[in-house]
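Breakdown of the fold
Each chain, letter by letter, is given below.
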Amino acid sequence: MKKLWIIGGSFEQLPIIKEARMEGYFIISSDTKKNSPCFKFADKTEILDPLDLHKGELIFNKYKPDGIISDACDYANYLKCYLSEKYGLVDDNLSAATITCNKYLVREILKNNAIKQPKFFLSSSFKETEKVVKKIGLPVVLKPLDNRGSIGVNLVYKKNKLKQLFFETLSKTNGKQILIEEYISGKHITVDGIFSKKNSFHNIGVAEKTVIEKNHKPLIVQLYYTAQLEKKIMTNLLSINKKIIRLLKFDLGLTHSEYIINKNGIYLVETSNRGAGVLGSTLILKEINNLNVSKYLIETALGNKFNFKINKNNRFICLKWFAFKSGKVKKVINHMNKKKYILEKKLLVKKNQKIKYPDSGANRHGFVIFKSNSLHQMKKRLLEINNSVKIDYEK
């Protein structure tokens, strides 16, 4: 029996582990939490922070898996690539995983290749940051080199907030440096891709995001597939994405890239050689392409051929996140169960709980993914969902 190690055991990996269970593989599941929802589907479980390469190696040698899978997490992706290259398994490219775990490296590689990017600078100290801001002006975006889910990202509009926000961002990076970027406004877009085989790449999903700014933090609260862009802009966007994937030498698996589009062009925000989070790859891309992405990840990890056709449909898929105001919850009103068009949902708020408005994507209060047959229907259903979930607060 083939052994599969799935790194990450949250709800994001549930479709993969359920597929592997159905296929009859021996499954090792690792996660940072003891109550991981994936553990009940696994043959063996391990507690592991994917940043801990040494413990990851001990787990690998304990079970000798035939394949390793990760999805939706840069850290898990790096560990997978590290172990796969070292021990001769199917490798999603350790070099690419290293690059995309460092936002500055991505910017540096692409800067001389006709890819529009914000002006960017590396900083190790507040004094360096002050010099950069003096040079390019406010507003600026401060980013950790190597975090995910918008953790540590700050928008600086006023000089008197710069020091506080610099140190806050610095505290959220493992690399002890931060990236300072020129602020670019415009339409937020994501592009997802897949390799059908080594170096054979396809764009398979384009979404438009709604991003709100509060307390110096950008927060994604909604996205939908497929984004409605002018044909010329869409063609250019997909061409740019393919070019970036080639320049960064991605060659296998899934990709997820983020852009901002405005009257001056298409700007790269960031890119990675892994699938989109919050079931973006294993549920949403599956729905809009009629493609079993979980099975693809399993077969690819084992070095097996997985022949597929991308059969796009005209369905709209919306992912809405919940971001409630701060306070003590008196009552949760949730009528989402009555909505048959909902594909997946998770509400992380309970009665008597003290909640805070999210300071990053990692702290949002839940989500809902639903399908529609038109943009008009999607907007109507979004309003229905907004009206079906309410929070009453203690005074």
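Residues numbered from 1 in each chain as written. Predicted model: local features only at pLDDT ≥ 70, side-chain atom pairs only at ≥ 80, totals over all residues. Heavy atoms only, no water.

Our focus in this paragraph is the pattern of salt bridges. The final tally for this structure, using the stated rule, is 14 salt bridges. Measuring nitrogen to oxygen at the nearest pair gives 3.0 Å for the salt bridge that ties Glu 181 to Lys 143. Of this pair, Glu 181 sits in strand E8 (residues 178-182) while Lys 143 sits in strand E6 (residues 140-144), and the two are 38 residues apart along the sequence. With respect to class, Glu 181 is no different from Lys 143; both count as buried. (Salt bridge = Lys/Arg side-chain N within 4 Å of Asp/Glu carboxyl O. Helix = DSSP H or I, 4+ residues; strand = E, 2+ residues; numbered from the N terminus. Buried < 20%, exposed > 50% of the residue type's maximum accessible area, 1.4 Å probe, protein only.)

Taking every second residue as pointing to the same face, the buried face of strand E19 (residues 389-393) carries Val 389, Ile 391 and Tyr 393, while none of Lys 390 and Asp 392 on the other face is buried. Where strand E15 (residues 327-334) meets E19, five bridges bridge the pair, whose relative direction is antiparallel. Its bridge partner lying in E19, Val 329 is registered against Tyr 393. (Pairing = 2+ DSSP bridges.)

Before going further, it helps to spend a moment on helix H10 (residues 293-301). Burial analysis of H10 places eight of its nine residues in the buried class, the great majority of the element. Among the residues making up H10, those that are buried are Val 293, Ser 294, Tyr 296, Leu 297, Ile 298, Glu 299, Thr 300 and Ala 301. The secondary structure elements touched by the buried residues of H10 are strand E1 (3-7), helix H1 (14-23), strand E4 (67-69), strand E9 (187-197), strand E12 (254-262) and helix H9 (280-289). At the N-terminal boundary of H10, the capping side chain belongs to Asn 292, with an oxygen 3.4 Å from the backbone nitrogen of Ser 294. Positioned one or two residues after H10, Gly 303 has a phi angle of 80°, which is positive. (Contact = heavy atoms within 4.5 Å. Polar contact = N/O pair within 3.5 Å; in protein donor to acceptor, adjacent residues only side chain to side chain.)

Mapped onto the elements, Asn 203 comes out in strand E10 (residues 200-214). One polar contact links the side chain of Asn 203 to the main-chain carbonyl oxygen of Leu 238, over a distance of 3.1 Å. Ignoring anything within four residues of it in the chain, the contact list for Asn 203 reads Val 191, Asp 192, Gly 193, Leu 238, Asn 241 and Lys 242.

This next bit is on helix H2 (residues 53-63). Within the sequence span of H2, burial applies to Gly 56, Glu 57, Ile 59, Phe 60 and Tyr 63. For H2, the angular spread of buried residues about the axis comes to 160°, placing them on one side. Facing away from the buried side of H2, by more than 90 degrees, are the exposed residues His 54, Leu 58 and Lys 62. Against E1, strand E2 (26-31), strand E3 (44-47), E4 and helix H3 (74-87) lie the buried residues of H2. Positive phi appears at Lys 64, one or two residues downstream of H2, with a value of about 50°. (Arc of directions from axis to C-beta.)

With that out of the way, let us pick up unusual backbone geometry. Cis geometry marks the peptide bond from Leu 138 to Pro 139; its omega dihedral reads 0°. Geometrically, the link from Tyr 225 to Thr 226 is a cis peptide bond, its omega value of 0° lying close to zero. Here Thr 226 is to be found in the loop between strand E11 (217-225) and helix H8 (231-247). In this model, Lys 249 sits at a positive phi of 65°, which is unusual for a non-glycine residue. The residue Lys 249 is located in the loop between H8 and E12 in this model. Taking relative accessible area as the criterion, Lys 249 reaches 62% and is therefore assigned exposed.

Following both chains from N to C, one finds H9 and H10 inclined at 125°, their axes separated by 8 Å at the closest point. Classified by the interaxial angle, the pair formed by H9 and H10 is oblique. Counted together, Ser 281, Thr 282, Leu 285 and Lys 286 of H9 and Val 293, Ser 294 and Leu 297 of H10 form the full contact between these two elements. For the contact of H9 with H10, the class distribution of residues is three nonpolar, three polar and one charged. (Axes fitted to C-alpha atoms, helices over the stretch in contact; angles between N-to-C directions. Parallel < 35°, antiparallel > 145°, perpendicular 65-115°, else oblique. Nonpolar A, V, L, I, M, F, W, Y, C, P; charged D, E, K, R; others polar.)

Next up on the list: the packing of H2 against H3. One can describe the packing of H2 onto H3 by two numbers: an axis separation of 11 Å at closest approach and a directional angle of 55°. Classified by the angle between their axes, H2 and H3 sit oblique to one another. H3 is crossed by H2, and the crossing has right-handed handedness. Where H2 abuts H3, its residues Leu 53, Gly 56, Glu 57, Phe 60 and Asn 61 lie against Tyr 78, Leu 79, Tyr 82, Leu 83, Lys 86 and Tyr 87. In terms of residue class, the contact of H2 with H3 is built from seven nonpolar, two polar and two charged. (Left-handed = near helix turned anticlockwise from the far one by under 90°.)

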